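Breakdown of the fold
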Amino acid sequence: MKLRKRILTGDRPTGKLHLGHYAGSLQNRVALQNDFETFIIIADIQALTTNFDKPERLKQDVLNVTLDNLSVGLDPEKATFFIQSLIPEIAELTAFYSMFVTVNSLRHNPTVKSEMQQYGYNDIMYGFLGYPVSQAADITFCKADLVPVGEDQLPHIELSRKIVRRFNELYKPVLVEPQAMVSKVSRLVGIDGNAKMGKSLNNGIYLSDDAETVKQKVRSAVTDANRIKLTDKGNPDVCTVFKYHHAFNEHEVLNISECCKNAAIGCSACKSNLSACINGMLDPIWDKRAFYEQRPELVQEILMSGTVKVRAVAKEVVREVREAMNIDYFSL
Ligand code: TRP
């Protein structure tokens, strides 16, 4: 029996996490860990959907993503970290669900479609097409109530909800329908103004970037292209830097908007202001990262003990699932 409502969320370990992840999901996780039982999945199998040809990178990426999560303030006393591939029940549920999820519903998933474009796939792997089913298993194996995610994940949560409803109606009502929770800054543009900050687009500011790197990246960010001279009035609505002020500089954002519109602040000063603000926000994050980086055994222990705890939950839910499906006819 779970006493508190449960959150499940997490990341694919395919590289470092950036400010888009921070604004879109990590900040929310940190705030919610006090009120919910929080499970953080390091989705290494999902990472293989695109990185199956370089599995040797996974170990380092698993550690990096764990460090990113710990550095922003997820507290291992409150949040349970675990590794997807070490919970075989997730693969088992994925197989059960894939019997009644249609191929067309997966092919029309807008996030899968845009990722296909982003990676330049014309034909796609079976596992890639089906990863939203596996994600539904990530969410439902522990009967999660709430899933804090960035906006791009909404189609996956919607599919999870459909799967739960279908399962409960086909067999027995044992699964819990999860709710998505999207944060107020749901999508952060890249510093190049590209609609999404992404690893493969090389337009991100990473949580592990140092102060000088942040300054340089902000300096190179795209602003209102029509504002050429200092005396030109700017349009914050089309400015990437302004979008970042909006996400990370709540106190000054109105003032900056006014100043930009009246040519009372130049782009360069506005950028310095933003990098100071981001660096101020990252400062405690760097400290925590350094703490955990110096203690690799502790990070490993957090992952191992979390995985063991979660596995027990998974076994119990899969027992209920098999019973609901009447395939509990044999127990070894
Ligand atoms: N698809 C998510 C991402 O790309 C990662 C993820 C895997 C996830 N399993 C999950 C997120 C379960 C929320 C719940 O960021």
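Residues numbered from 1 in each chain as written. Predicted model: local features only at pLDDT ≥ 70, side-chain atom pairs only at ≥ 80, totals over all residues. Heavy atoms only, no water.

1. Focus on helix H12 (residues 253-261)
Each turn of an α-helix holds 3.6 residues, which means side chains three or four residues apart point in the same direction. Among all positions in H12, only Val253, Ile256, Ser257 and Cys260 are buried. Each buried residue of H12 sits inside an arc of 100 degrees when the element is viewed along its axis, so together they form one side. Against the buried residues of H12 lie helix H11 (240-248) and helix H13 (267-293). With its phi angle positive at about 55 degrees, Ala263 sits one or two positions after the end of H12. (Buried < 20%, exposed > 50% of the residue type's maximum accessible area, 1.4 Å probe, protein only. Helix = DSSP H or I, 4+ residues; strand = E, 2+ residues; numbered from the N terminus. Arc of directions from axis to C-beta. Contact = heavy atoms within 4.5 Å.)

2. Brief notes about the pattern of salt bridges
Scanning the entire structure with this criterion turns up 19 salt bridges. Residues Asp68 and Arg289 are paired through a salt bridge, measuring 2.1 Å at the closest nitrogen-oxygen approach. Here Arg289 lies in helix H13 and Asp68 lies in helix H3 (residues 58-71), a separation of 221 residues in the sequence. Of the two residues examined, Asp68 and Arg289, each falls in the buried class. Between Glu89 and Arg311 there is a salt bridge, with its nearest N and O atoms 2.9 Å apart. Here the residue Glu89 occupies a position in helix H4 (residues 88-97), and Arg311 occupies one in helix H14 (residues 296-324), the gap between them amounting to 222 residues. For Arg311, a relative accessible area of 27% translates into the label partly exposed. Taken together, the shared-partner salt bridges in this structure form one network comprising Glu158, Arg161, Arg165 and Glu177. (Salt bridge = Lys/Arg side-chain N within 4 Å of Asp/Glu carboxyl O.)

3. Quick notes on H11
Counting buried positions along H11 yields seven of nine residues, so the element is predominantly enclosed. For H11, every residue scored as buried is listed here: Thr240, Val241, Phe242, Tyr244, His245, Ala247 and Phe248.

4. Digging into the site of the ligand
Taken together, 14 residues sit near the ligand, with Arg12, Gln46, Gln135, Asp138 and Gln153 positioned nearest. Gln135 is positioned with one of its side-chain polar atoms (N or O) 2.9 Å from a nitrogen atom of the ligand. Gln153 places a side-chain nitrogen or oxygen 2.8 Å from a nitrogen atom of the ligand. Protein contacts shield 91% of the accessible area of the ligand, which totals 370 Å² for the unbound molecule. Secondary structure elements with two or more residues in the shell around the ligand: strand E1 (6-11), helix H8 (131-140) and strand E4 (146-149). The leading source of residues in the shell around the ligand is E1, at four residues. Residues belonging to the shell around the ligand are distributed by class as follows: six nonpolar, five polar and three charged. (Near = heavy atom within 4 Å. Polar contact = N/O pair within 3.5 Å; in protein donor to acceptor, adjacent residues only side chain to side chain. Areas by Shrake-Rupley, 256 points an atom, 1.4 Å probe, with all protein chains shown as cover. Nonpolar A, V, L, I, M, F, W, Y, C, P; charged D, E, K, R; others polar.)

5. Some remarks on the pairing of E4
Side chains Leu146 and Pro148 of E4 all project onto a buried face; the interleaved residues Val147 and Val149 project onto the opposite face, where all are buried too. Here E4 runs beside strand E5 (residues 179-182); their pairing, made up of four bridges, is parallel. When the bridges of E5 are listed, Val149 appears paired with Val182. (Pairing = 2+ DSSP bridges.)

6. Some thoughts on the pairing of strand E3 (residues 79-83)
Within a regular strand, side chains alternate between the sheet's two faces. Taken across its five residues, E3 has five buried, putting it largely inside the fold. When strand E2 (residues 37-42) meets E3, the two strands line up parallel, connected through five bridges. Counted as the bridge partner of Phe39 is Thr80 from E3.

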